[in-house]
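# Secondary and tertiary structure notes
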Amino acid sequence: MDLVFTTEGLEPSKRYAAWQGAICDVYVNVDVNAEKRSDYQGFIREARFGPVTMTDVLLSEQRITRRERHIAKLDKDCYYVEFVQQGQVNVLQAGQTLHSNPAVGAIFSAAEAYDLECIGRVRSLYLEIPRKEFASRFNEHKIPVAATIATARGLGRIAAEFCSTLASEGAALEEAARTRLGGELLDVLALALDMGDNYELSEDDTAQKARLRSVKDWIEEHLTDPDLSPEKIARSNGVSVRHLHYLFRLNNVSVSEWVLDRRLQRCYDVLTRPELRSLSVTEVAYRSGFHSSSHFSTVFRRKFGHSPSDLRKR
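Throughout what follows, the structure given in this document is the object of discussion. (Residues numbered from 1 in each chain as written. Predicted model: local features only at pLDDT ≥ 70, side-chain atom pairs only at ≥ 80, totals over all residues. Heavy atoms only, no water.)

### Observations regarding the packing of aromatic side chains
Applying the stated criterion to the full structure yields 13 aromatic pairs. Here the aromatic cluster, defined as three or more aromatic residues joined through ring pairs, consists of Y268, F290, F296, F300 and F304. Its end group placed over the ring of F43, R45 keeps NZ or CZ at 4.1 Å from the ring centre. The ring of F304 has K303 lying over it, and the distance from NZ or CZ to the ring centre is 5.5 Å. (Phe/Tyr/Trp six-rings, centres within 6.5 Å; stacked < 30°, edge-to-face > 60°. Lys NZ or Arg CZ within 6 Å of the ring centre and 35° of its normal.)

### Digging into the packing of helix 4 (residues 154–169) against helix 5 (residues 175–194)
For the pair helix 4 and helix 5, interaxial distance at closest approach is 8 Å and the crossing angle is 155°. With respect to helix 5, the axis of helix 4 lies roughly antiparallel. As helix 4 packs across helix 5, the resulting crossing turns out to be left-handed. From helix 4, L155, G156, I158, A159, F162, C163 and L166 reach across to helix 5, where they touch L181, E184, L185, V188, L189, L191 and A192. For the contact of helix 4 with helix 5, the residue count by class is 12 nonpolar, 1 polar and 1 charged. (Axes fitted to C-alpha atoms, helices over the stretch in contact; angles between N-to-C directions. Helix = DSSP H or I, 4+ residues; strand = E, 2+ residues; numbered from the N terminus. Parallel < 35°, antiparallel > 145°, perpendicular 65-115°, else oblique. Left-handed = near helix turned anticlockwise from the far one by under 90°. Contact = heavy atoms within 4.5 Å. Nonpolar A, V, L, I, M, F, W, Y, C, P; charged D, E, K, R; others polar.)

This is the structure:
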């Protein structure tokens, strides 16, 4: 795929502004808001497959907004199909929220206002599809927009894997072959959308494990949040609390137990690093999401057999 833009090679403090100028103000005409801007990372690559434009995108955590002033600059009527490879993206459009992740794709209109909530670092494949050409593949030209696509099994999985294969292998193909494959991709996508979406009830073991890894990645990036509850984790990852607990039972551990263990492991690593000895034990605890130093010391001793202060003395 052809590289459109990357923050690699830029000074960390200049990456976010460069991303806004090169991509958000020119390439897709959107507004972005990222809280963590000091070391923004992102890239976008593009390839054409006949009527389909495919982009491979890396994004830092942010909110993307498209409104009427952006849409007015759009000279084409099209849809976006998103297949998330890493992280989670919530698509807000037409009064509904679509939760997309490595087990669930999404389709939404580029010609209507939307918000994208990118949770954690996100890697996604996006397809830009002309509305008229896609509509011709549905009965009475009705496209189910906005909608999700279950990619854990069946036609949804075939479509997502077909898309990934084109992204990795398409550059070596001649233009005629890419055009034909683009049309076939639209056919598979249309069939996948006709199949409906009940992914939470039908995920197979592989998809469940991928989903769990995705949730764990998100938790890892938010361990410092002292209010990191199962409810907040579930809401941010687009699943019910019940389903969240079900996913963690795959590891025979509760969500809260896993969060506590990861915090303790992070504290252990910090306490054993000579260059961070200036941090007090209390600072280490609070920076890892603990509410109190006494509770931290108790659970630390229970797990490792000695106190945080004793570890420092070794």
